[in-house]
Amino acid sequence: TSATLGMAAGEGGWRADGEVSLGVACQPHGGPGISRIAVERRIQRVVASGAEDGSLRLLDIRSLAGPPRAAIAGCCTDGEGGGAVGKGHDGRIEALSWLPDDNRLFVSGGGSCLKVWDASSPSDCVLPVDLHATIKGVALTVGPPPVAAVALSDCTVRLVDLRIGRAVNTMQGHTQPPLCIAWGASNANRLYSGGKDGTVRVWDPRMGARSLFCFDPYGLEKDRPLLRKSEKSAEELDKSKSAFGRVRREEVEKLLGVGSTRVEPYHVRSFKNMLSSRTNNMGRAPGTGGGQIWSAPTSSGLAVLADLTEQEREQRERWSQGCLERERHFLDPPRREFEHEASCAHRGAVISLAVPLDGNVNRKGPRNVLLSCGVDGKIRSWDPERGTLFGKKQVFDVECWTQEQALQIAAHGLSEDLCFIPEKTFLAAYCMRSGEQLCRLEAHTGTVTCAEALTGCGRVLSAGADGRLLCWRAAFSAAAEAPAEDVICLD
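Residues numbered from 1 in each chain as written. Predicted model: local features only at pLDDT ≥ 70, side-chain atom pairs only at ≥ 80, totals over all residues. Heavy atoms only, no water.

**With respect to the packing of aromatic side chains**
In total, this model carries 6 aromatic pairs according to the counting rule given. Here the aromatic rings of Phe106 and Trp117 are separated by 6.5 Å at their centres, their planes lie at 15°, and the arrangement is stacked. Linking Phe106 in strand E9 (residues 105–110) with Trp117 in strand E10 (residues 113–118), this pair joins segments that are 11 residues apart in sequence. An aromatic cluster is defined as three or more aromatic residues linked by ring pairs; in this entry it consists of Tyr192, Phe213, Phe215 and Trp382. Residue placement shows Arg335 over the ring face of Tyr218; its charged tip is 4.0 Å from the ring centre. Cation over ring: Arg440 sits above Phe426, and NZ or CZ is 4.2 Å from the ring centre. (Phe/Tyr/Trp six-rings, centres within 6.5 Å; stacked < 30°, edge-to-face > 60°. Helix = DSSP H or I, 4+ residues; strand = E, 2+ residues; numbered from the N terminus. Lys NZ or Arg CZ within 6 Å of the ring centre and 35° of its normal.)

Structure (structure tokens):
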């Protein structure tokens, strides 16, 4: 097909036989940084962008440097009159998505409000929905009916019917807030969510409010140890533990007998311990050495740090931060020990989920592939129907950020072909078949927060905290593009 041929041509540019160039650069929101971008998939002509101040822009991809199609100001407070100005959001745009196969309706999420917009008349939102919890992510499906799946800060995932503008189902299972959410590529009845608890859960809206299963990175291992049964149920364990996983203070006091009249048996110390002293800096008798009770501490690391300049301290902090970012690549997700525990897909929060575009339905194995990215600096490729790792290169390392905040990554091509990961001020392209970094694009002056791929044309959009929206173009080199000519030997 034409889309496959176009993607193949674009793929060559991300490899050694092609070149990548910066096509267009613009700053649609002025000063504020861009937190989310979304491209409508029907004709790929319009991109929506959301900023840190809650404002929205609609831009024509063919003329990004020109004036936007629509500009929606954020709901900020005017200092003089005290009234609200703008019809956008009252804070950072956390979610932005178009209705699949539609170039008119899109939704945006910021704060606790989900808003539905019509691109043909974006002067006012079509439908505002207050969910009474901070929105972390949104994913749309055509249904029927058209539904928006919203990840919320109250550890739930809610389904909002766009026809009536109301939440029709609340799904519970995450122990910490979900950060990212995605619908399956070919089955609208499968929903995937990843959260701060490190789990990736699978939901079926028709089956109730509980998740079907969790993705398990050790699911394909043979001779796995049997899971143990806990004396207490999972609900009792949750009640007996605080947010930090420690036993509550009342149970500790009860265990130690604090406030009770119980007499504890006296444990006799050994004769050696009774005569010995725990203090080394004791006074000495005359003629046996120094008699000072306290001696000055020897030089330690604290004294050395006090003598450092501010520049040297910043350099040491950068070194220690770099060491921590490198060490995270050596840590695997924790294994399950008890039957009631959930399988962790990543060590730490799951910050992104992505379904690669234009999957190849002729290849063997599962037709859908789901990518997950975590703060542990890992990209994992999953079989979404079984919840197990899939592919030749199932896990590879990336340099994504470590903050527990959703990150927008992009993937396109032949299912396990290319993915684009924001890495600090760079946009990195990886081959999903080998895990090799193909190129690293540098043009942003701030942290890159989101990436979006366009199918069939070898172009990728990136945006960041510097407020810039960049369009990257990939193409074959002249030598690679030249078709091979048939040579006829006359001898």
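**Notes on the side chain of Asp161**
Within the element layout of this structure, Asp161 appears in strand E14 (residues 156–161). There is a polar contact of 3.0 Å between the side chain of Asp161 and the backbone nitrogen of Arg163. Apart from residues no more than four positions distant in its own chain, Asp161 is found in contact with Pro145, Pro146, Arg166 and Val168. (Polar contact = N/O pair within 3.5 Å; in protein donor to acceptor, adjacent residues only side chain to side chain. Contact = heavy atoms within 4.5 Å.)

**Let's talk about the pairing of strand E4 (residues 56–60)**
The element E4 is extensively covered by neighbouring structure, given that 5 of its 5 residues are classed as buried. Of the two faces of E4, the one carrying Leu56, Leu58 and Asp60 and the one carrying Arg57 and Leu59 are both buried. The antiparallel pairing of strand E3 (residues 46–51) with E4 creates a hairpin that spans 4 residues between the two strands, and Gly54 there sits at a positive phi of about 85°. Relative to strand E5 (residues 70–72), E4 is paired through 3 bridges, and the arrangement is antiparallel. Residue pairing for E5: Arg57 is matched across the bridge by Ala71. (Buried < 20%, exposed > 50% of the residue type's maximum accessible area, 1.4 Å probe, protein only. Pairing = 2+ DSSP bridges.)

**As for the pairing of strand E29 (residues 448–454)**
The element E29 is largely enclosed, with a buried count of 7 among its 7 residues. Note: E29 against strand E30 (residues 459–464), 6 bridges, orientation antiparallel. Residue pairing for E30: Glu452 is matched across the bridge by Leu461. As consecutive antiparallel partners, E29 and E30 are separated by 4 residues, and within that stretch Gly456 has a phi angle of approximately 80°, a positive value.

**Observations concerning the state of the cysteines**
Counted under the stated rule, the structure contains 0 disulfides. There is no disulfide at Cys344, and the cysteine sulfur nearest it, in Cys214, is 8.4 Å away. (Disulfide = S-S within 2.5 Å.)

**So, the pattern of salt bridges**
Tallying each qualifying case throughout the model produces 17 salt bridges. Between Arg62 and Asp60 there is a salt bridge, with the nearest N and O atoms lying 3.3 Å from each other. Linking Arg328 and Glu399 is a salt bridge whose minimum nitrogen-to-oxygen distance equals 3.9 Å. Remark: Glu399 occurs in the loop between strand E24 (395–397) and strand E25 (410–412) and Arg328 occurs in the loop between helix H6 (310–327) and strand E20 (350–354); sequence separation between them is 71 residues. (Salt bridge = Lys/Arg side-chain N within 4 Å of Asp/Glu carboxyl O.)

**Digging into the confidence of the model for the protein**
Residues at a pLDDT of 70 or more form 71% of the protein, whose mean pLDDT is 79. When pLDDT is averaged over each helix and strand of the protein, the minimum, 38, is found for helix H1 (residues 2–13) and the maximum, 97, for strand E2 (residues 34–39). Scored below 50 in pLDDT, residues 1–12 makes 20 contacts in the model with residues more than four places away or belonging to other chains. The low-confidence segment residues 359–366, where pLDDT is below 50, has 10 contacts with residues more than four positions distant or belonging to other chains. (pLDDT = per-residue confidence, 0-100.)

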